[in-house]
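Residue-level listing of the chains:
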Amino acid sequence: MATVLIVDDEFGIAELLDAVLSDDGHTVVTAANGRQGLARVAAGRPDLIFLDFMMPVMDGPAMLAALTADPETRGIPVVLMSSMPEDTVRERAAGHVAFLRKPFRLRQVHDLVARLLKDS
């Protein structure tokens, strides 16, 4: 199975995604902000990243920009998550392969992970 990094400052969201993805057999790593997320990526390249848009210290767009600027990490698929509309998020962030609107349904997560990991 895959290694999935979840970067979200909302503990409940991170815990839910961790439980769902772990139950599906994936290895899950978590971080509470973009700076921690980049450190987790440096420690071991994940196969997929779920990245929250708004976080303290380093937000999702800043982490996504850092990932896409680095040739070593730009190929990692990133799912950007937010409660804001996708058009609003797209104005401030580029380089993600999918958008997940909060609140989401667990079926959406299952389907999205299966689709993205099948393509990689």
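Summary of the structure given here.

## With respect to the nonpolar core
Right, so step 1: Residues Leu17, Leu21, Leu48, Phe50, Val79 and Val109 are the most contacted members of the largest nonpolar core, which totals 21 residues.
Right, so step 2: Elements with a minimum of two residues in this core: strand 1 (3-7), helix 1 (11-23), strand 3 (48-52), strand 4 (78-82), strand 5 (98-101) and helix 5 (106-119).
Right, so step 3: Not counting the four nearest positions on each side in its chain, Leu17 is found in contact with Ile6, Phe50, Met81, Phe104 and Val109.
Right, so step 4: Phe53, Met63, Val89 and Phe99 belong to the second-largest nonpolar core, a separate cluster that totals 17 residues.

## Side note on the environment of Leu16
Right, so step 1: Relative to the helices and strands, Leu16 resides in helix 1.
Right, so step 2: Judged by its relative accessible area of 35%, Leu16 falls in the partly exposed class.
Right, so step 3: Every residue in contact with Leu16, bar those within four places of it in the chain, is listed here: Phe104 and Leu106.

## A word on the sheet that holds strand 2 (residues 27-31)
Right, so step 1: Spatially, the five strands line up as an open sheet ordered 2-1-3-4-5, and their pairing is parallel. The open sheet is flanked by strand 2 and strand 5, the only strands paired with a single partner. Recorded for the sheet is a direction-independent mean angle of 20° between the axes of neighbouring strands.
Right, so step 2: Sheet topology places strand 1 next to strand 2; five bridges connect them, and they run parallel. Bridge assignment links Val7 to a residue of strand 2, and that residue is Ala31.
Right, so step 3: The strands touched by helix 1 are strand 1, strand 2, strand 3 and strand 4; relative to strand 1, the strand with the most contacts, the crossing angle is about 170°.

## So, the environment of Val79
Right, so step 1: Structurally, Val79 is set in strand 4.
Right, so step 2: Taking relative accessible area as the criterion, Val79 reaches 0% and is therefore assigned buried.
Right, so step 3: With 49 residues separating them in the primary sequence, Val79 and Thr30 have C-alpha atoms 14 Å apart.

## Quick word on the pairing of strand 4
Right, so step 1: Burial analysis of strand 4 places five of its five residues in the buried class, the great majority of the element.
Right, so step 2: Going residue by residue along strand 4, you find Val78, Leu80 and Ser82 tucked away on one face and Val79 and Met81 tucked away on the opposite face as well.
Right, so step 3: Relative to strand 4, strand 3 runs parallel, the two being bridged by four bridges. Within the sheet, the bridge partner assigned to Asp52 lies in strand 4 and is Met81.
Right, so step 4: The pairing of strand 4 with strand 5 spans four bridges and is parallel. Counterpart to Met81 in the pairing with strand 5 is Leu100.
Right, so step 5: With helix 4 (residues 86-92) bridging strand 4 and the parallel strand 5, this β-α-β connection has right-handed handedness.

What counts as what
- Residues numbered from 1 in each chain as written.
- Predicted model: local features only at pLDDT ≥ 70, side-chain atom pairs only at ≥ 80, totals over all residues.
- Heavy atoms only, no water.
- Core = buried A, V, L, I, M, F, W, Y, C linked by side-chain atoms within 4.5 Å.
- Buried < 20%, exposed > 50% of the residue type's maximum accessible area, 1.4 Å probe, protein only.
- Helix = DSSP H or I, 4+ residues; strand = E, 2+ residues; numbered from the N terminus.
- Contact = heavy atoms within 4.5 Å.
- Pairing = 2+ DSSP bridges.
- Axes fitted to C-alpha atoms, helices over the stretch in contact; angles between N-to-C directions.
- Right-handed = clockwise from strand over helix to strand, strands pointing away.

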